[in-house]
Amino acid sequence: GLEGRWLMRAAAIGPATSVVQLSDRTAEHAAERMRVDFVANASHELRTPLASILGYVETLQDAAGEEPALRNRFLGIVFDEARRMERLVEDLMSLSRIEADKFRLPSTRVDLAASAREVCATLATTHGDRGRDIVLDVAADVPEVTGDAAQLSQLLHNLVGNAMKYGRAGTPVRVSLTPREGLACLVVADQGDGIAADHLPRLTERFYRVDAGRSRSLGGTGLGLAIVKHIVERHRGRLDIASEPGVGTRVTVALPAAAAPAVIKA
Ligand code: ADP
């Protein structure tokens, strides 16, 4: 872990401990900075819908509450904003749970194919209004993985959900599962917005969005890919996002197969 690296460094640099201390401090400051930013971002994201709810409720208590058409419209907005807060709180709780479990290796065998079928079926119905098809391709010999079933299902949900959100209407979302040298390999591909290269390295940061307005109007919290990254890390897997603006995005997650050496070693 971190401690090991820090000790090795101190030994390599020798008596000039001030240099070592400096880099240690910098890392500490960066982590503290991230925590502060995270709390500020989360508070801001919660305050916006909350302000809107309070404003509409106040208006409803006045004259607008007596006008049925207006009342229903305002109640609709209050409901949508409350739902947005609910999604955000759920995602924040997921993140903190996954982080708390970071050092506990998941231990059940998970059939990713079954999980993918379930998630795709759910999303095909909930996003059906946008006229999108999900094409699921499962190879015959996909290995099971050692994992946390609920988290892997959430990973699938977030990735396929993004492909549905940011893919162009009328184009299919393609999900595939294939075996690859001791790994189960998941690919989720869409034809849509795509992402410019300079954004790619930051996509898994909490609350990082290419277009915040578009993400919000599609019901996004800005936490989906941060959650995916944490789940992949906890499963000792690899996450790769490839994209071309205006063409589409392809997300690959490779997870060690159950009983493969990689799992035992980790
Ligand atoms: P959000 O809730 O905003 O979708 P995510 O963490 O899931 O948050 O994704 C972060 C950002 O990455 C999104 O706001 C969007 O700009 C971009 N993004 C994620 N997936 C895709 C995709 N499949 N196609 C295009 N852009 C994407």
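The chain has the name histidine kinase in an unreviewed UniProt entry, where Sphingomonas corticis is given as its organism. Here the chain is described in UniProt, under the heading Catalytic activity (unreviewed entry), as follows: "ATP + protein L-histidine = ADP + protein N-phospho-L-histidine."

A.B. asks: Where do I start with empty space enclosed by the protein in this structure?
C.D. replies: Gaps left between atoms are located by rolling a probe of water-molecule size over the structure's atoms. Considering all chains together, one arrives at two cavities of 30 Å³ or more under this definition. Taken as a whole, the largest cavity spans an internal volume of roughly 50 Å³. Taken together, Glu 45, Arg 84, Arg 87, Leu 88, Arg 209, Arg 216, Gly 219, Gly 220 and Thr 221 make up the full set of residues lining the largest cavity. It is helix α3 (residues 68-100) that contributes the most residues to the lining of the largest cavity, three residues altogether. Looking at the lining of the largest cavity, its residues break down into one nonpolar, three polar and five charged. Taken as a whole, the second largest cavity encloses approximately 30 Å³ of empty space. Around the second largest cavity, the lining residues are Ile 98, Lys 102, His 230, Glu 233 and Arg 234. With three residues, the single largest contributor to the lining of the second largest cavity is helix α7 (residues 224-234). The residue inventory of the lining of the second largest cavity, partitioned by class, reads one nonpolar, one polar and three charged.

A.B. asks: I would appreciate a short explanation of the site of the ligand in the present structure.
C.D. replies: Taken together, the neighbourhood of the ligand is formed by 18 residues, with Tyr 166, Ser 215, Thr 221, Gly 222 and Leu 225 sitting nearest. Here Thr 221 contributes a backbone N or O atom positioned 2.8 Å from an oxygen atom of the ligand. Here an oxygen atom of the ligand sits 2.8 Å away from a polar atom, N or O, in the main chain of Leu 225. Considering the ligand on its own, with 530 Å² of exposed area, one finds that the protein chains cover 95% of that surface. Of all elements in the fold, only α5 (149-166) and α7 reach the threshold of two or more residues within the shell around the ligand. Sorting elements by how many residues they give to the shell around the ligand places α5 first, with three residues.

Analysis parameters
Residues numbered from 1 in each chain as written. Predicted model: local features only at pLDDT ≥ 70, side-chain atom pairs only at ≥ 80, totals over all residues. Heavy atoms only, no water. UniProt positions renumbered as here; feature names shortened; annotations may be inferred. 1 Å grid on protein atoms, 1.4 Å probe; cavity = no way out; pocket = protein on both sides within 12 Å on 5 of 7 lines; lining within 4 Å. Points joined across faces, edges and corners; volume = space filled by probe spheres on them. Helix = DSSP H or I, 4+ residues; strand = E, 2+ residues; numbered from the N terminus. Nonpolar A, V, L, I, M, F, W, Y, C, P; charged D, E, K, R; others polar. Near = heavy atom within 4 Å. Polar contact = N/O pair within 3.5 Å; in protein donor to acceptor, adjacent residues only side chain to side chain. Areas by Shrake-Rupley, 256 points an atom, 1.4 Å probe, with all protein chains shown as cover.

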